[in-house]
Amino acid sequence: MNPTAELTIRFAAFAGVLAAMALWELVAPRRSWVVGRAARWPSNLGIVAVDAVTLRLLIPTAPVGAALIAEARGFGLFHWLGWPTLVAGLIGFVVLDLVIYGQHVAFHHVPWLWRLHRVHHADLDVDVTTGVRFHPIEILLSMVVKIAAVALFGIPAAAVVAFEVVLNATAMFNHANVALPAAVDRLARLIVVTPDMHRVHHSVVRSETDSNFGFNLPWWDRLFGTYRAAPAAGHKDMSIGLPVFRDGRELRLDRLLTQPFRAPADPNDAAPMRAGEVRRS
Ligand SMILES: [Zn+2]
């Protein structure tokens, strides 16, 4: 695949899913907004631009580049085993998803990684743009992990591109402030993480924050016992975000970028919140 076509596919998928979910949220929002879009979207989309520029400058070799190099040199498990590209691609896709699940668990349980990842969780509403709101250092680390997995397993380049496009799309889908009809959600949850499943992960209640780590395939949470069907307070009444960073100013782009370096690291240090509370000062 030539680089222009690849970039076009990536951007079209990003813009298409963003537009579709934004429209769905407008027509049938799942929860009433706590802060809304105007105060959040410039920062949430701004950090995507910062992430893209940071990646370009610091890691010009994306995972797909690593896949092509591994392919050319016959490096990586699937090349050593001599598996057909289709089989290696399908298994590679699932392997990458498991790696991302494991990485997400680590980002919750290792204190300095949590400082980076809590930028994603400090959003006071969860919507389509929350799905792409990650600190640039988390994005860089995640890239290094993906590149290592792609090289070690020798995952085919097409599978890597497909995985990244699908992960980006499902992350925006399952952060959206929407709900599938209950019966559809029950079935969809067998193969993909749905908005109602992932919203539990953005609860202010720590035991709920530390559940439903999957972004794409829902199987890992069931397999490793981190699955929670619904938030205890219900989807409409649950409180979103973290006990820290509830001040409205914390939604600014410059504040998002400095959150990892400010105390407290442990959200449980802060005072408990009432449902839906936003502190302003
Ligand atoms: Zn998380």
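Structure first, text after, so check above.
Residues numbered from 1 in each chain as written. Predicted model: local features only at pLDDT ≥ 70, side-chain atom pairs only at ≥ 80, totals over all residues. Heavy atoms only, no water.

Enquirer: Got a minute to help me understand the coordination of the zinc ion in this structure?
Expert: Note on metal geometry: ideal angles are 109.5 degrees for four donors arranged tetrahedrally and 90 or 180 degrees for six donors arranged octahedrally. In this structure, His-104 (NE2), His-108 (NE2), His-117 (NE2), His-121 (NE2) and His-201 (NE2) serve as the protein donors to the zinc ion, at separations of 2.1 to 2.4 Å. Counting residues between consecutive donors of the zinc ion along the chain gives the motif H-x3-H-x8-H-x3-H-x79-H. One end of the pair, His-104, is in helix H5 (residues 85-109); the other, His-121, is in helix H6 (residues 111-121), with 17 residues separating them in the sequence. As far as burial versus exposure is concerned, His-104 and His-121 are alike and both buried. (Donors = N, O, S within 2.8 Å, 3.2 Å for Na, K, Ca; no water. Helix = DSSP H or I, 4+ residues; strand = E, 2+ residues; numbered from the N terminus. Buried < 20%, exposed > 50% of the residue type's maximum accessible area, 1.4 Å probe, protein only.)

Enquirer: Honestly, the packing of aromatic side chains in this entry has me stumped. Any pointers?
Expert: For the structure shown, the criterion picks out nine aromatic pairs. Measuring from centroid to centroid gives 6.1 Å for Tyr-101 and Phe-213, while their planes differ by 90°, and the two rings are edge-to-face. Remark: Phe-213 occurs in the loop between helix H11 (206-209) and helix H12 (219-223) and Tyr-101 occurs in helix H5; sequence separation between them is 112 residues. Seen in terms of ring centroids, Trp-219 and Trp-220 are 6.3 Å apart; in terms of plane orientation they differ by 65°. Their pairing is edge-to-face. (Phe/Tyr/Trp six-rings, centres within 6.5 Å; stacked < 30°, edge-to-face > 60°.)

Enquirer: Help me understand the pattern of salt bridges, please; the structure alone is not making it clear to me.
Expert: For side chains bearing opposite charge, pairing can occur when the charged atoms are close. Evaluation of the coordinates by the stated rule reveals 15 salt bridges. The salt bridge partner of Glu-164 is Lys-146, with a shortest N-O separation of 3.2 Å. Here Lys-146 lies in helix H7 (residues 136-153) and Glu-164 lies in helix H8 (residues 157-175), a separation of 18 residues in the sequence. Its salt-bridge partner being Arg-262, residue Glu-250 comes within 2.8 Å of it at the nearest N-O pair. Of the two residues, Glu-250 is situated in the loop between H12 and helix H13 (253-258) and Arg-262 in the segment after H13; the sequence distance between them amounts to twelve residues. Assessed through its relative accessible area of 6%, Glu-250 is described here as buried. Beyond isolated ion pairs, a larger network of salt bridges with shared partners links Glu-6, Arg-10, Lys-146 and Glu-164. (Salt bridge = Lys/Arg side-chain N within 4 Å of Asp/Glu carboxyl O.)

Enquirer: Is there a simple way to think about helix H1 (residues 3-27) in this case?
Expert: Residues spaced three or four apart along an α-helix face the same direction, because each turn holds 3.6 residues. For H1, built from 25 residues, the straight-helix expectation of 36 Å at 1.5 Å per residue is met to within 8% by its first-to-last C-alpha distance of 36 Å. All of the buried residues in H1 are Glu-6, Phe-14, Val-17, Leu-18, Met-21, Ala-22 and Glu-25. Looking at the packing, one finds that the buried side of H1 touches helix H2 (41-58), helix H3 (63-73) and H8. (Expected span 1.5 Å × (residues − 1). Contact = heavy atoms within 4.5 Å.)

Enquirer: Help me understand the nonpolar core, please; the structure alone is not making it clear to me.
Expert: In summary, soluble globular proteins display a tendency toward joint burial of nonpolar side chains. Counting 25 residues, the largest nonpolar core has Leu-96, Val-150, Ile-155, Val-160 and Phe-163 as its most contacted members. Counting residues per element, the ones that place at least two in this core are H3, H5, H7 and H8. A per-element tally of this core places H8 first, with seven residues. Residue contacts for Phe-163: discarding those within four places in its chain leaves Phe-93, Leu-96, Asp-97, Ile-100 and Asn-216. (Core = buried A, V, L, I, M, F, W, Y, C linked by side-chain atoms within 4.5 Å.)

Enquirer: Is there a simple way to think about the layout of surface pockets in this case?
Expert: In this approach, a probe sized like a water molecule rolls over the atoms, and the result shows the empty space that is left. In this model, the largest pocket occupies a volume close to 1500 Å³. Elements represented by at least two residues in the lining of the largest pocket include exactly H1, H2, H3, H5, H7 and H8. Ranked by residue count, the leading element in the lining of the largest pocket is H8, at eight residues. Here the lining of the largest pocket is built from residues that sort into 27 nonpolar, nine polar and seven charged. (1 Å grid on protein atoms, 1.4 Å probe; cavity = no way out; pocket = protein on both sides within 12 Å on 5 of 7 lines; lining within 4 Å. Points joined across faces, edges and corners; volume = space filled by probe spheres on them. Nonpolar A, V, L, I, M, F, W, Y, C, P; charged D, E, K, R; others polar.)

Enquirer: Even after reading the chapter, I still don't get a nonpolar patch on the surface, so can you show me in this structure?
Expert: Taken together, the side chains of Phe-75, Leu-77, Trp-80, Leu-81, Trp-83, Leu-86, Val-87, Leu-90, Ile-91 and Leu-152 make up a nonpolar region of the molecular surface, amounting to roughly 1000 Å² of accessible area. For the nonpolar patch, the secondary-structure elements that each account for two or more residues are helix H4 (77-81) and H5. Ranked by residues supplied to the nonpolar patch, first place goes to H5 with four residues. Within the element layout of this structure, Phe-75 appears in the loop between H3 and H4. (Patch = residues over 30% accessible without salt bridge, like charges linked within 9 Å, V, L, I, M, F, W, Y side chains within 5 Å. Areas by Shrake-Rupley, 256 points an atom, 1.4 Å probe, with all protein chains shown as cover.)

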